[in-house]
Amino acid sequence: MTPSTGDRPGRWLDAQLHLLDRQVLDADDVPIAVVDDLELSEVPFGQEIPIDTPPPVITALLSGAALATRIFGGRPPESRMLRTPWVDVVEVGVVIKLGVMRDTLDLAWTERWVRDRIIGRIPGGRHTPGGKQDNHSEDGKRGGS
Amino acid sequence: MIITDLLGSRVFGPEFLGFVSDVRFFLESESVGRPARVYGIIVSPHARSSSLGFERSGVRSPWPIAALVRRRHRGSFLVRWGDIERLDVDRIQVRPGFERASSELP
(Lines give C-alpha, C1' and ligand atoms only; values in the text may rest on other atoms or scores of the structure.)
Protein backbone atom coordinates (compact mmCIF):
# COMPACT_ATOMS: atom_id res chain seq x y z
CA MET A 1 0.00 0.00 0.00
CA THR A 2 1.09 3.56 -0.56
CA PRO A 3 2.58 4.56 2.79
CA SER A 4 0.48 6.59 5.18
CA THR A 5 1.49 10.22 5.42
CA GLY A 6 2.02 9.60 9.13
CA ASP A 7 2.98 12.74 10.99
CA ARG A 8 3.90 14.57 7.79
CA PRO A 9 1.28 17.12 6.84
CA GLY A 10 -0.02 16.24 3.42
CA ARG A 11 -2.10 13.81 1.45
CA TRP A 12 -2.09 11.52 -1.55
CA LEU A 13 -3.73 12.64 -4.77
CA ASP A 14 -4.43 10.49 -7.80
CA ALA A 15 -4.70 12.51 -10.99
CA GLN A 16 -7.80 10.84 -12.38
CA LEU A 17 -9.48 10.31 -9.03
CA HIS A 18 -8.90 13.66 -7.34
CA LEU A 19 -8.00 16.24 -9.98
CA LEU A 20 -9.10 15.66 -13.56
CA ASP A 21 -12.64 16.73 -14.45
CA ARG A 22 -13.03 18.53 -11.11
CA GLN A 23 -14.76 21.88 -11.09
CA VAL A 24 -12.60 24.89 -10.27
CA LEU A 25 -14.03 27.66 -8.08
CA ASP A 26 -12.50 31.08 -7.57
CA ALA A 27 -12.13 32.87 -4.23
CA ASP A 28 -15.83 33.84 -4.37
CA ASP A 29 -16.88 30.21 -4.97
CA VAL A 30 -17.86 31.06 -8.53
CA PRO A 31 -17.35 28.11 -10.93
CA ILE A 32 -14.86 29.12 -13.60
CA ALA A 33 -13.58 25.96 -15.27
CA VAL A 34 -13.09 22.23 -15.22
CA VAL A 35 -9.67 20.61 -14.98
CA ASP A 36 -8.97 18.99 -18.36
CA ASP A 37 -5.29 18.34 -17.90
CA LEU A 38 -2.34 18.97 -15.59
CA GLU A 39 0.93 20.62 -16.52
CA LEU A 40 4.01 19.11 -14.91
CA SER A 41 7.46 20.59 -14.46
CA GLU A 42 10.03 19.55 -17.01
CA VAL A 43 11.59 16.10 -16.89
CA PRO A 44 13.91 14.43 -19.37
CA PHE A 45 11.74 13.09 -22.19
CA GLY A 46 12.97 10.63 -24.79
CA GLN A 47 16.19 10.01 -22.90
CA GLU A 48 17.31 8.15 -19.79
CA ILE A 49 16.28 9.78 -16.52
CA PRO A 50 19.19 10.02 -14.06
CA ILE A 51 18.32 8.12 -10.90
CA ASP A 52 18.59 11.17 -8.66
CA THR A 53 16.26 13.33 -10.78
CA PRO A 54 13.71 15.00 -8.51
CA PRO A 55 10.11 14.08 -9.30
CA PRO A 56 8.13 16.54 -11.37
CA VAL A 57 5.56 18.73 -9.66
CA ILE A 58 2.23 20.07 -10.85
CA THR A 59 2.79 23.57 -12.17
CA ALA A 60 -0.68 24.37 -13.52
CA LEU A 61 -4.21 23.16 -14.05
CA LEU A 62 -5.13 23.23 -17.73
CA SER A 63 -8.59 23.86 -19.10
CA GLY A 64 -9.77 24.16 -22.64
CA ALA A 65 -10.80 22.34 -25.77
CA ALA A 66 -10.16 18.78 -24.61
CA LEU A 67 -13.45 17.11 -25.52
CA ALA A 68 -12.62 16.33 -29.14
CA THR A 69 -9.25 14.80 -28.32
CA ARG A 70 -10.78 12.69 -25.58
CA ILE A 71 -13.25 11.22 -28.06
CA PHE A 72 -11.05 10.97 -31.12
CA GLY A 73 -7.63 10.73 -29.49
CA GLY A 74 -4.60 12.95 -29.87
CA ARG A 75 -3.62 15.97 -27.86
CA PRO A 76 -5.00 19.52 -28.02
CA PRO A 77 -2.42 22.14 -28.98
CA GLU A 78 -0.97 23.87 -25.95
CA SER A 79 -2.12 27.22 -27.30
CA ARG A 80 -5.73 26.04 -26.85
CA MET A 81 -5.29 25.25 -23.16
CA LEU A 82 -5.64 27.92 -20.48
CA ARG A 83 -3.40 27.72 -17.43
CA THR A 84 -4.30 28.19 -13.81
CA PRO A 85 -1.08 28.22 -11.76
CA TRP A 86 -0.98 25.50 -9.10
CA VAL A 87 0.21 28.06 -6.54
CA ASP A 88 -3.27 29.60 -6.67
CA VAL A 89 -4.90 26.37 -5.45
CA VAL A 90 -5.91 26.56 -1.80
CA GLU A 91 -8.03 23.44 -1.41
CA VAL A 92 -8.51 20.13 -3.21
CA GLY A 93 -11.76 18.40 -2.38
CA VAL A 94 -14.98 17.65 -4.22
CA VAL A 95 -14.11 20.85 -6.07
CA ILE A 96 -10.80 22.66 -6.45
CA LYS A 97 -10.80 26.05 -4.80
CA LEU A 98 -8.53 28.90 -5.80
CA GLY A 99 -7.37 31.76 -3.63
CA VAL A 100 -7.69 34.34 -6.40
CA MET A 101 -10.54 36.07 -8.17
CA ARG A 102 -11.47 34.96 -11.67
CA ASP A 103 -10.69 38.39 -13.13
CA THR A 104 -7.02 37.78 -12.47
CA LEU A 105 -6.96 34.52 -14.45
CA ASP A 106 -6.55 33.83 -18.16
CA LEU A 107 -9.45 31.40 -17.82
CA ALA A 108 -12.01 34.20 -17.70
CA TRP A 109 -10.77 36.18 -20.71
CA THR A 110 -13.73 35.22 -22.91
CA GLU A 111 -16.16 36.31 -20.21
CA ARG A 112 -14.29 39.62 -19.78
CA TRP A 113 -14.19 40.14 -23.55
CA VAL A 114 -17.93 39.56 -23.93
CA ARG A 115 -18.65 41.82 -20.95
CA ASP A 116 -16.47 44.69 -22.16
CA ARG A 117 -17.02 44.50 -25.93
CA ILE A 118 -20.64 43.37 -26.20
CA ILE A 119 -22.67 43.55 -22.99
CA GLY A 120 -21.05 46.81 -21.92
CA ARG A 121 -22.12 48.52 -25.15
CA ILE A 122 -25.78 47.65 -24.72
CA PRO A 123 -27.65 50.53 -23.04
CA GLY A 124 -27.94 49.60 -19.38
CA GLY A 125 -25.35 46.89 -19.78
CA ARG A 126 -22.96 48.44 -17.25
CA HIS A 127 -25.37 48.34 -14.29
CA THR A 128 -24.13 46.34 -11.35
CA PRO A 129 -26.31 43.29 -10.90
CA GLY A 130 -25.96 43.48 -7.10
CA GLY A 131 -28.49 46.26 -6.73
CA LYS A 132 -31.06 44.39 -8.78
CA GLN A 133 -30.64 41.26 -6.69
CA ASP A 134 -31.38 43.28 -3.56
CA ASN A 135 -34.54 44.67 -5.16
CA HIS A 136 -35.69 41.15 -6.05
CA SER A 137 -35.21 39.94 -2.50
CA GLU A 138 -37.18 42.89 -1.15
CA ASP A 139 -39.96 42.20 -3.64
CA GLY A 140 -40.04 38.61 -2.50
CA LYS A 141 -40.37 39.62 1.14
CA ARG A 142 -43.20 41.98 0.34
CA GLY A 143 -44.98 39.39 -1.74
CA GLY A 144 -44.77 36.78 1.01
CA SER A 145 -46.13 38.94 3.81
CA MET B 1 4.90 17.74 -20.02
CA ILE B 2 1.20 17.25 -19.42
CA ILE B 3 -0.45 14.43 -17.52
CA THR B 4 -2.15 12.96 -20.59
CA ASP B 5 1.33 12.26 -21.96
CA LEU B 6 1.56 9.67 -19.19
CA LEU B 7 -1.97 8.34 -18.76
CA GLY B 8 -2.64 5.28 -20.87
CA SER B 9 1.01 4.85 -21.84
CA ARG B 10 2.37 1.33 -22.14
CA VAL B 11 4.82 0.37 -19.41
CA PHE B 12 7.71 -1.96 -20.04
CA GLY B 13 10.20 -3.62 -17.75
CA PRO B 14 11.98 -6.67 -19.04
CA GLU B 15 8.64 -7.29 -20.81
CA PHE B 16 5.29 -5.57 -21.20
CA LEU B 17 3.85 -4.76 -17.75
CA GLY B 18 0.62 -2.89 -18.45
CA PHE B 19 -0.79 0.57 -18.91
CA VAL B 20 -0.59 3.72 -16.81
CA SER B 21 -4.06 3.94 -15.27
CA ASP B 22 -3.28 6.86 -12.96
CA VAL B 23 -0.50 9.06 -11.61
CA ARG B 24 -0.12 9.45 -7.85
CA PHE B 25 1.03 12.72 -6.29
CA PHE B 26 2.02 13.65 -2.79
CA LEU B 27 0.70 17.04 -1.76
CA GLU B 28 3.12 18.21 0.87
CA SER B 29 0.66 20.36 2.72
CA GLU B 30 -2.87 21.64 2.43
CA SER B 31 -1.64 25.21 2.62
CA VAL B 32 -1.48 27.58 -0.32
CA GLY B 33 1.11 27.01 -3.00
CA ARG B 34 2.70 23.85 -1.64
CA PRO B 35 3.95 21.56 -4.39
CA ALA B 36 2.27 18.31 -5.41
CA ARG B 37 5.08 15.97 -6.44
CA VAL B 38 4.76 12.86 -8.58
CA TYR B 39 5.11 9.86 -6.26
CA GLY B 40 4.66 7.20 -8.91
CA ILE B 41 2.52 5.72 -11.64
CA ILE B 42 -0.19 3.12 -11.18
CA VAL B 43 0.20 0.33 -13.68
CA SER B 44 -2.76 -1.81 -14.63
CA PRO B 45 -1.93 -4.98 -16.58
CA HIS B 46 -5.32 -5.14 -18.31
CA ALA B 47 -6.87 -1.68 -18.61
CA ARG B 48 -5.92 1.89 -19.49
CA SER B 49 -8.96 3.37 -17.75
CA SER B 50 -9.20 4.75 -14.24
CA SER B 51 -10.23 2.45 -11.41
CA LEU B 52 -12.93 4.99 -10.42
CA GLY B 53 -11.77 5.34 -6.84
CA PHE B 54 -11.94 1.65 -6.00
CA GLU B 55 -8.19 1.65 -5.42
CA ARG B 56 -9.00 3.13 -2.02
CA SER B 57 -8.54 0.35 0.48
CA GLY B 58 -11.85 0.80 2.29
CA VAL B 59 -14.18 1.05 -0.72
CA ARG B 60 -16.17 -2.15 -1.29
CA SER B 61 -19.56 -0.94 -2.46
CA PRO B 62 -21.66 -0.99 -4.50
CA TRP B 63 -20.31 -4.52 -4.64
CA PRO B 64 -21.18 -5.41 -8.27
CA ILE B 65 -19.30 -2.36 -9.58
CA ALA B 66 -16.49 -2.82 -7.08
CA ALA B 67 -16.12 -6.45 -8.13
CA LEU B 68 -16.15 -5.52 -11.82
CA VAL B 69 -13.60 -2.72 -11.46
CA ARG B 70 -11.34 -4.76 -9.20
CA ARG B 71 -11.41 -7.61 -11.69
CA ARG B 72 -10.61 -5.24 -14.55
CA HIS B 73 -7.70 -3.77 -12.62
CA ARG B 74 -6.51 -6.99 -11.00
CA GLY B 75 -2.78 -7.13 -10.56
CA SER B 76 -2.37 -3.33 -10.55
CA PHE B 77 0.73 -2.02 -8.84
CA LEU B 78 2.53 1.24 -8.21
CA VAL B 79 5.94 2.09 -9.65
CA ARG B 80 7.70 4.86 -7.74
CA TRP B 81 9.20 7.79 -9.63
CA GLY B 82 12.74 6.67 -8.81
CA ASP B 83 12.12 3.38 -10.63
CA ILE B 84 11.20 5.07 -13.92
CA GLU B 85 14.10 4.91 -16.34
CA ARG B 86 12.79 6.57 -19.47
CA LEU B 87 9.70 8.39 -20.75
CA ASP B 88 8.80 8.26 -24.42
CA VAL B 89 5.66 8.87 -26.43
CA ASP B 90 3.16 6.20 -25.27
CA ARG B 91 5.95 4.19 -23.66
CA ILE B 92 7.52 4.16 -20.21
CA GLN B 93 10.52 2.02 -19.35
CA VAL B 94 11.14 1.08 -15.73
CA ARG B 95 14.53 0.29 -14.25
CA PRO B 96 15.74 -3.29 -13.84
CA GLY B 97 14.88 -4.58 -10.37
CA PHE B 98 12.09 -2.07 -9.86
CA GLU B 99 9.73 -2.56 -6.92
CA ARG B 100 6.04 -3.36 -7.41
CA ALA B 101 4.36 -1.44 -4.58
CA SER B 102 0.68 -1.79 -3.75
CA SER B 103 -1.49 0.66 -5.64
CA GLU B 104 -4.08 0.91 -2.86
CA LEU B 105 -4.67 4.31 -1.33
CA PRO B 106 -4.56 4.43 2.49
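The preceding data block contains the structure.
Each value, and the rule that gives it
- Residues numbered from 1 in each chain as written.
- Chains lettered and ligands numbered in written order.
- Predicted model: local features only at pLDDT ≥ 70, side-chain atom pairs only at ≥ 80, totals over all residues.
- Heavy atoms only, no water.
- Phe/Tyr/Trp six-rings, centres within 6.5 Å; stacked < 30°, edge-to-face > 60°.
- Buried < 20%, exposed > 50% of the residue type's maximum accessible area, 1.4 Å probe, protein only.
- Pairing = 2+ DSSP bridges.
- Helix = DSSP H or I, 4+ residues; strand = E, 2+ residues; numbered from the N terminus.
- Axes fitted to C-alpha atoms, helices over the stretch in contact; angles between N-to-C directions.
- Contact = heavy atoms within 4.5 Å.
- Core = buried A, V, L, I, M, F, W, Y, C linked by side-chain atoms within 4.5 Å.
- Buried area = accessible area lost by both parts, 1.4 Å probe.
- Salt bridge = Lys/Arg side-chain N within 4 Å of Asp/Glu carboxyl O.

A. Spotlight on the packing of aromatic side chains. All names here are of chain B. Taken as a whole and judged by the stated rule, the model has 5 aromatic pairs over all chains. Plain terms: the ring middles of F12 and F16 are 5.5 Å apart, the flat faces sit at 65° to each other, and that makes the pair edge-to-face. According to the relative accessible area criterion, F12 is buried, its value standing at 14%. The class for F16 is partly exposed, based on a relative accessible area of 38%.

B. Up close: the sheet that holds strand β2 (residues 23-25) of chain A. Residues and elements named next belong to chain A. Ordered in space as β3-β2-β8-β7, the 4 strands form an open sheet in which the pairing is mixed. Two strands lie at the open edges of the sheet, namely β3 (31-34) and β7 (89-92), each paired on one side alone. Adjacent strand axes in the sheet meet at a mean angle of 25° when their direction is disregarded. Bridge count for β2 against strand β8 (residues 96-98) is 2 bridges, and the pairing is parallel. By the bridge assignment for β8, L25 is matched with K97.

C. Spatial organisation of the side chain of D88 of chain A. Assignment of secondary structure puts D88 of chain A in the loop between β6 (81-85) and β7. If sequence neighbours within four positions are ignored, D88 of chain A has contacts with K97, L98, G99, V100 and L105 of chain A.

D. Looking closely at the nonpolar core. L38 and W86 of chain A together with I3, V23 and F25 of chain B are the most contacted members of the largest nonpolar core, which has 43 residues in total. With 5 residues, the top contributor of residues to this core is strand β2 (residues 16-27) of chain B. Sequence-distant contacts of W86 of chain A, that is, excluding residues within four places in its chain, are made with L13, L19, I58, T59, A60, L61 and V92 of chain A together with L27, R34, P35 and A36 of chain B. Of all hydrophobic cores here, the second largest spans 8 residues; its members include L17 of chain A together with I42, L78 and L105 of chain B.

E. Region of interest: the interface of chain B and chain A. In this assembly, 48 residues from chain B lie in contact with 44 residues from chain A. Looking only at chain B, the three residues that lose the most surface to chain A are M1, F26 and W81 of chain B, adding up to 18% of its buried area. Summed over the shared surface of chain B and chain A, the number is 1 salt bridge. A salt bridge links D14 of chain A to R24 of chain B, with the shortest nitrogen-to-oxygen separation between them at 2.6 Å.

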